[in-house]
Amino acid sequence: MASQTILVTGGAGYIGSHTCVELLQAGYDVVVLDNLCNSRASVLDRVSQISGRALKFIEGDIRDRDVLDKVFSEHAIHAVIHFAGLKAVGESVVQPLRYYDNNVSGSVLLFEVMAGHGVKNIVFSSSATVYGDPASVPITEDFPLAATNPYGRSKLMIEQVLGDLHVADPEWRIALLRYFNPVGAHESGLIGEDPNGIPNNLLPFIAQVADGRRASLSVYGDDYATPDGTGMRDYIHVVDLADGHLKTLKKLDEGAGIHTYNLGTGRSNSVLEMVAAFEQACGRSIPYQIVARRPGDIAKCFAATDRAEQELGWKATRGVETMCADSWRWQLLAKKLADAA
Ligand code: NAD
Ligand code: WQD
């Protein structure tokens, strides 16, 4: 069988680049469409270096119909993995229209052009943020949905658009993947996450304290109902997450339908546990101070993973030690690249 070609929107980004590595290594051909608003094209050279295979990169925006038409006309796309989107929760509160335009309008156009070209296989990057503040843990996929900010609502809206699309045209094969807290980096140390500006998320912030770019971590609250009082999350290694996408593609090949899966580990760690794990990995101390809770944060969140295990045959295998060790290996290169820029 000729190899299948997968269109990866947002493929130059953090999760997308790791997924491209796994796709290439598994024998898929890869076309990346990315407007580089939160990434650099040079990442894709390192994706090729790791996988030993070339991919096709198109610099363009998912909101550009002509670009999309060209991509689907020039390539026999088997399925789309749709990562492209803006993801900063705080920014989405300040710039809601930008988020709805980029994430929602961009996705609607992508689905429209896909349908026009008869490509009806899609894996969509959703988020555990769609569960809002869950009544209990672990969170199963049928929990009530309640996003609490424009970013989260944009994810929820796209899920609903895909649900409606499936009702209107049952030929579609759709997977909604709700990621918990992706962290870590490829074990090669060649790709990872290195956000511009002040990191919003815990691990990138800790990593920048470790490499000396930031003086200390602010821990947002130590009065939650958790054993050490700090917030607990289901941190998942980005390579496990990437592998979940490959398993999902296989699932879609089984037939039409719409499927929703949590991609998490089913465990959770506190902020202070993550600080300790990172200190262990990098051999440096991470100074921190306890500050007020961050508005909108919840105490504890972790996934029920049974559905993904049973239906996809997928389970995360990497623990927090590996997440921190891989993240630190990448951080050393990320700092060098940042210093050189
Ligand atoms: P990222 O910002 O590293 O990657 C997103 C990529 O999409 C970037 O390369 C960016 O340049 C590109 N992009 C954005 N808008 C685009 C547009 N209009 N046209 C073309 N390209 C565009 O983010 P990530 O962490 O890799 O996240 C990937 C997806 O997973 C996003 O949809 C995000 O919402 C979702 N997600 C991420 C997390 C997380 O914590 N990282 C958690 C849950 C869900
Ligand atoms: C984790 C824990 C913080 C930073 C966010 C999005 C969610 C999803 C994943 C995209 C919490 C604490 C953090 C810091 C801290 N993204 N923290 N000091 O909030 O669980 O989820 O990213 O879909 O939508 O909301 O992740 O990494 O920001 O926070 O103490 O400087 O670390 O309070 O307990 P979160 P996070």
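What you are looking at is a predicted structure, and each value in this text was computed from that prediction instead of being measured.

Student: For this particular structure, what's the right way to read the environment of glutamate 91?
Tutor: One can find glutamate 91 in helix 4 (residues 89-94). For glutamate 91, a relative accessible area of 31% translates into the label partly exposed. Taking the C-alpha atoms as reference, glutamate 91 lies 9.1 Å from proline 150; in sequence the two are 59 residues apart. If we ignore the near neighbours within four places in the chain, the residues touching glutamate 91 are Arg98 and Tyr99. Only 3.5 Å separates the side chain of glutamate 91 from the side chain of arginine 98, close enough to count as a polar contact.

Student: What's the story with the pattern of salt bridges in this structure? I'm lost.
Tutor: One pass over the structure, following the stated rule, counts 21 salt bridges. Linking glutamate 159 and arginine 178 is a salt bridge whose minimum nitrogen-to-oxygen distance equals 2.7 Å. Here the residue glutamate 159 occupies a position in helix 6 (residues 150-168), and arginine 178 occupies one in strand 6 (residues 173-179), the gap between them amounting to 19 residues. Accessibility classification places glutamate 159 together with arginine 178 in one group, the buried group. One salt bridge in this structure joins aspartate 240 and arginine 318, with 2.5 Å as the shortest N-O distance. You can see aspartate 240 sitting in helix 8 (residues 238-252) and its partner arginine 318 sitting in the loop between helix 10 (306-312) and helix 11 (320-340), a full 78 residues away along the chain. Judged by its relative accessible area of 28%, arginine 318 is partly exposed. A network of salt bridges, in which partner residues are shared, links Asp61, Arg63 and Asp101.

Rules used in this analysis
Each residue is numbered by its place in its chain's sequence as written, counting from 1. Each chain is given a letter, starting from A, and each ligand a number, starting from 1, according to the order in which they appear as written. It should be noted that, the model being predicted, local features are given only for residues of pLDDT at least 70 and side-chain atom pairs only at 80 or more, the latter also being counted only at that level, while totals for whole chains, interfaces and linings use all residues. Computation of side-chain values: all heavy atoms of the structure, hydrogens and water removed. Where helices and strands are cited, they refer to DSSP runs of H or I of at least four residues and of E of at least two residues respectively, numbered from the N terminus. Accessible area is worked out with a 1.4 Å probe on protein chains only. A residue is then buried under 20% of its type maximum, exposed over 50%, and partly exposed in between. The contact definition used throughout considers only heavy atoms, calling two residues in contact when any of these lie within 4.5 Å. Polar contact is the term for a pair of N or O atoms within 3.5 Å; when the atoms are in protein, one must be able to donate a hydrogen and the other to accept it, and sequence-neighboring residues count only if both atoms are side-chain atoms. A pairing counts as a salt bridge when a side-chain nitrogen of Lys or Arg comes within 4 Å of a carboxyl oxygen of Asp or Glu.

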